[in-house]
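# Coordinates in review
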Amino acid sequence: MPMRHDFSENLMSLQSHILLEEAKHPSASGDFTWIVSAISLAAKSISNHVRRARLSGAIGKFGDTNIQGEEQQKLDVIANEALMRCLGTRASVAVLASEEDDEPTILRKGKDGGKYCVLFDPLDGSSNLDTGVGVGTIFSILRNDPNVHSAQATVCQPGVRQVAAGYVLYGSSTIFVITTGNGVALFELDPFIGSFLLVKDQLRVPERNSVYSVNEAYASTFPDGYQRYLAWAHANGYSSRYIGSMVADVHRTLLTGGVFMYPPTKKNPEGKLRYLYEASPMAFIMEQAGGLAYSGDARTLEHQPHKVHERVPVLLGSRGEVEKVREFLR
Ligand code: P6P
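Residues numbered from 1 in each chain as written. Predicted model: local features only at pLDDT ≥ 70, side-chain atom pairs only at ≥ 80, totals over all residues. Heavy atoms only, no water.

Before going further, it helps to examine the site of the ligand. The local shell around the ligand holds 13 residues, among which D124, Y218, Y242, M246 and Y262 are the closest. Between the ligand and the protein, one listed contact pairs an oxygen atom with a side-chain N or O atom of D124 at 2.5 Å. One nitrogen or oxygen atom from the side chain of N215 is found 2.9 Å from an oxygen atom belonging to the ligand. Protein coverage of the free-state accessible area of the ligand, which is 400 Å², stands at 86%. Because more than half of its atoms lie within 2 Å of the grid, the ligand is assigned to the largest pocket. Looking at the shell around the ligand, its residues break down into five nonpolar, four polar and four charged. (Near = heavy atom within 4 Å. Polar contact = N/O pair within 3.5 Å; in protein donor to acceptor, adjacent residues only side chain to side chain. Areas by Shrake-Rupley, 256 points an atom, 1.4 Å probe, with all protein chains shown as cover. 1 Å grid on protein atoms, 1.4 Å probe; cavity = no way out; pocket = protein on both sides within 12 Å on 5 of 7 lines; lining within 4 Å. Sits in = over half its atoms within 2 Å of the grid points. Nonpolar A, V, L, I, M, F, W, Y, C, P; charged D, E, K, R; others polar.)

Here's what the structure looks like:
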């Protein structure tokens, strides 16, 4: 009797998944796959550095501050360099914009083949590294407009124009989550073969879950609607989960439901999180998983940014939970 094979459990790597997605677009040229493979390669390198940071002396402050006025961690610089190196060699990348760099980096003009802009926060939540808390890389891929000659203007696009978005969570395992506009796929790094393997495709965020995620230390300076929502949540048995690392907080919200928010505060009247490489990519992921994402009254993906490091309020998560918060904000 010949051996019966079960092909339903085929190993699907990130590479194969993206190639299959690309094959759905006859006009695709394969450039896009190269970009995702560059991000995947950088993510494996960053994961390795994060996981042995104390042994290699990579923990601690780099001794400089970035454009955000935040003290750079050594690993912020290592992660930024890894992404710059891996993406810089990709012929289809026109512009790179990083949370760690004052200005975007122009690699090539549209006429020289630069089809895409890649924006990223190389190591979000890095201030938590010393205490072993999950940190992450967030990325967003936009088309380059060859007729726009300023790098700043080229990358300042609303989130609806994203070609792809995702994040890598360096947590209890290394998780790669990506959307190219056809749903959300979740991969886990198998360190023994060095590949991101598909764990879940067409991931959906639960419709409801009585969990909110916000830094309540600033609650007294939130706009009134948020304060009234929190009072309602306290009275209705909600629990609070806040890690202080956006990728970890959003990933938990994506998998288990609930609502994550970073409202305007006295210290950050526009909110703390940056639009282009934090709010916009996370909003794309959340909407593609059936959730919602708002920045103030506007749908996050429809916000038109004017500066690379522009900050916006963030409210995202389960449809039912985001709508509940919005009832109090109206
Ligand atoms: P706070 C980390 O510094 C970060 O940029 C996000 O990862 C996180 O969601 C937020 O800031 C935490 O900010 O003010 O609550 O410490």
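Still more to cover.
Further remarks concern the layout of surface pockets. Approximately 600 Å³ is the volume found for the largest pocket. Considering the residues around the largest pocket, the lining is formed by 32 residues, among which E70, G125, S127, G244 and K272 are closest to the centre. Where the lining of the largest pocket is concerned, the elements lending two or more residues are β2 (71-73), β5 (116-124), α6 (246-256) and β13 (259-262). With three residues, the single largest contributor to the lining of the largest pocket is β5. Among the residues making up the lining of the largest pocket, the classes are represented as eight nonpolar, ten polar and 14 charged. By volume, the second largest pocket is sized at about 380 Å³. Forming the boundary of the second largest pocket are 17 residues, of which H25, F32, Y116, R143 and V163 lie nearest the centre. Those elements that place two or more of their residues in the lining of the second largest pocket are α1 (14-23), α2 (31-51) and β7 (162-170). (Points joined across faces, edges and corners; volume = space filled by probe spheres on them. Helix = DSSP H or I, 4+ residues; strand = E, 2+ residues; numbered from the N terminus.)

Right, let's talk about the pattern of salt bridges for a bit. Tallied over the full model, the rule gives twelve salt bridges. Close ionic contact of E321 with R208 constitutes a salt bridge, the shortest N to O distance being 3.2 Å. In this pair, E321 is assigned in helix α8 (residues 319-329) and R208 in the loop between β10 (195-200) and β11 (211-213), connecting sequence segments 113 residues apart. Its salt-bridge partner being E323, residue R330 comes within 3.4 Å of it at the nearest N-O pair. (Salt bridge = Lys/Arg side-chain N within 4 Å of Asp/Glu carboxyl O.)

To continue, consider the domain arrangement of the chain. Split into domains, the chain comes out as domain 1 (14-200) and domain 2 (211-329). Here domain 1 and domain 2 have C-alpha centroids that lie 22 Å from each other. Tallying the contact residues gives 48 residues for domain 1 and 33 residues for domain 2. Summed over both partners, the interface of domain 1 with domain 2 buries about 2800 Å², with 64% contributed by carbon and sulfur atoms. Applying the counting rule to domain 1 against domain 2 returns one salt bridge. (Domains from an automatic or database assignment. Contact = heavy atoms within 4.5 Å. Buried area = accessible area lost by both parts, 1.4 Å probe.)

On the secondary structure map, R90 appears in the loop between α3 (74-88) and β3 (93-98). Nearest to the buried, unbridged R90 among oppositely charged side chains is D31, at 9.3 Å. Looking at R90, its side chain comes within polar contact range of the side chain of S37, at 2.8 Å. Here the side chain of R90 touches T89 through a polar contact of 3.4 Å, side chain to side chain. Residues within four places of R90 in sequence aside, it is in contact with W34, S37, A38 and R108. (Buried < 20%, exposed > 50% of the residue type's maximum accessible area, 1.4 Å probe, protein only. Lys, Arg positive; Asp, Glu negative; His and termini not counted.)

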